[in-house]
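Architecture and fold: a report
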Amino acid sequence: MQIDWVEWLGYFASVVVLISLTMASIVKLRWINMAGALLFTIYGLLIHSIPVAFLNFGIVLINIYYLYKYYTLNEEFAVVEAHMDSELFNYFLQRHRKEIEQIVSIELLKQSQKALYLMRDSNIAGIMVGDRIGDILDIKIDYVIPMYRDFKIGEYFFIRHPELFRERGIRKIFAHAKSEAYADYLKKMGFVKVEGSQNTYEKVL
């Protein structure tokens, strides 16, 4: 039986578009959706359907436009002290409890010495909670809500503006990677694995 690869290209493009709609991050959604639309554009040209090609090429251009706006947007970031007994902090923990407890239990988290809100355009994008030992912050959790998981927060605080931690007297940060994905993230943020440790990474600020 001869395989109609053009038809399979159409199926594959459909799957890519469907996958894009499952993304919590709007950036991932647009990148994957653009890939699917580009495949559909090629598919439309191959089957000589100008309307299909035209529509999907338009979607490609729209995605490029919004991705350009996103990557060139000047956003405001800040670190704000969080009080672990506050109603707002407890609301945040309960709101994202399912994901947070895959990393650390709420009870253990509440025993930590220091908690910070990671702010993005006046919105609470995530939290960083850990123990302060002199000028060292030992992170128990560095959690960012799904819609802001595009590395911008980490790049801003860990790479571009480490002085935001130094101003608080923090000179070194320890983090513990309980997954390969988090280990990869830490490496991208300039953390180095502590020699002899299983999953501990450090960054000198």
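Below or above, wherever it landed, is the structure these notes cover. From a predicted model like this one, the values you see are computed outputs, not experimental measurements.

Calculation notes
- Residues numbered from 1 in each chain as written.
- Predicted model: local features only at pLDDT ≥ 70, side-chain atom pairs only at ≥ 80, totals over all residues.
- Heavy atoms only, no water.
- Helix = DSSP H or I, 4+ residues; strand = E, 2+ residues; numbered from the N terminus.
- Buried < 20%, exposed > 50% of the residue type's maximum accessible area, 1.4 Å probe, protein only.
- Contact = heavy atoms within 4.5 Å.
- Pairing = 2+ DSSP bridges.
- Axes fitted to C-alpha atoms, helices over the stretch in contact; angles between N-to-C directions.
- Phe/Tyr/Trp six-rings, centres within 6.5 Å; stacked < 30°, edge-to-face > 60°.
- Expected span 1.5 Å × (residues − 1).
- Parallel < 35°, antiparallel > 145°, perpendicular 65-115°, else oblique.
- Left-handed = near helix turned anticlockwise from the far one by under 90°.
- Nonpolar A, V, L, I, M, F, W, Y, C, P; charged D, E, K, R; others polar.
- Patch = residues over 30% accessible without salt bridge, like charges linked within 9 Å, V, L, I, M, F, W, Y side chains within 5 Å.
- Areas by Shrake-Rupley, 256 points an atom, 1.4 Å probe, with all protein chains shown as cover.
- Salt bridge = Lys/Arg side-chain N within 4 Å of Asp/Glu carboxyl O.
- Core = buried A, V, L, I, M, F, W, Y, C linked by side-chain atoms within 4.5 Å.

Let us now look at the overall build of the chain. Helices and strands together make up the secondary structure of the chain, namely nine helices and seven strands. Along the first, second and third principal axes, the C-alpha atoms of the chain reach 70 × 40 × 30 Å. Classification of the 205 residues of the chain by burial places 41% in the buried group. Taking all contacts inside the chain whose residues are at least 6 apart in sequence as the whole, residues at least 24 apart take part in 58%.

This next bit is on the sheet that holds strand β6 (residues 192-193). The strand order across the open sheet built from seven strands is β1-β2-β3-β4-β5-β7-β6, with neighbouring strands paired in mixed fashion. Bordering the open sheet on either side are β1 (77-81) and β6, each of which pairs with just one other strand. Of the strand pairs in this sheet, β6 and strand β7 (residues 200-204) are connected by two bridges, and their pairing is antiparallel. Bridging across to β7, lysine 193 finds its partner in tyrosine 201. Here helix α4 (residues 87-95) sits on the sheet and contacts β2 (114-120), β3 (123-133) and β4 (136-144); the angle it forms with β3, its principal contact strand, is near 105°.

Applying the stated criterion across every chain, the model contains 13 aromatic pairs. Pairing tyrosine 65 with tyrosine 66 gives two aromatic rings, centres 5.0 Å apart and planes at 75°, and the pair type is edge-to-face. Accessibility expressed as a relative area gives 46% for tyrosine 65, which makes it partly exposed. Seen from their ring centres, phenylalanine 157 and phenylalanine 165 are 6.5 Å apart, and the 70° between their planes marks the pair as edge-to-face. Note on accessibility: phenylalanine 157 and phenylalanine 165 belong to one class, buried. Aromatic ring contacts, followed pair by pair, group Phe77, Tyr156, Phe157, Phe158, Phe165 and Phe191 into a single cluster.

With that settled, the discussion passes to helix α1 (residues 5-20). Helical periodicity: at 3.6 residues per turn, an α-helix aligns residues three or four positions apart in one direction. Here α1 is 16 residues long and its end C-alpha atoms lie 22 Å apart, about the 22 Å a rise of 1.5 Å per residue gives. Next to the buried residues of α1 lie α2 (26-46).

In contact at an axis separation of 8 Å, α2 and helix α3 (residues 50-72) are set at 155° when each is read in the N-to-C sense. One finds that α2 runs roughly antiparallel with respect to α3. Between α2 and α3 lies a crossing whose hand is left-handed. Along its contact with α2, which presents Val27, Arg30, Trp31, Asn33, Met34, Ala37, Leu38, Phe40, Thr41, Gly44 and Leu45, the element α3 presents Val52, Ala53, Asn56, Phe57, Ile59, Val60, Asn63, Ile64, Tyr66, Leu67, Tyr70 and Tyr71. The residue inventory of the contact of α2 with α3, partitioned by class, reads 17 nonpolar, five polar and one charged.

On the surface, a cluster of nonpolar side chains totalling about 460 Å² of accessible area is made up of Trp5, Leu38, Ile42, Leu46 and Ile47. It is α2 that provides the largest number of residues to the nonpolar patch, a total of three residues. Position of isoleucine 47 among the secondary structure elements: in the loop between α2 and α3. For isoleucine 47, a relative accessible area of 35% gives the class partly exposed.

Time to look at the pairing of β7. Across five bridges, strand β5 (residues 172-176) lies against β7 in antiparallel orientation. Within β7, the residue paired with lysine 172 across the bridge is valine 204. Counted between consecutive antiparallel strands, the loop separating β6 from β7 contains six residues, among which glycine 196 sits at a positive phi close to 90°.

Next up on the list: the nonpolar core. The nonpolar side chains of a soluble globular protein tend to be buried with one another. One finds Phe89, Ile100, Ile127, Phe165 and Ile173 to be the most contacted residues of the largest nonpolar core, which totals 44 residues. In this structure isoleucine 173 touches Leu137, Ile139, Phe158, Phe165, Phe191, Tyr201, Glu202, Lys203 and Leu205, once residues within four positions along its chain are discounted. Counting seven residues, the second largest nonpolar core, distinct from the first, contains Val6, Val16, Phe40 and Tyr43.

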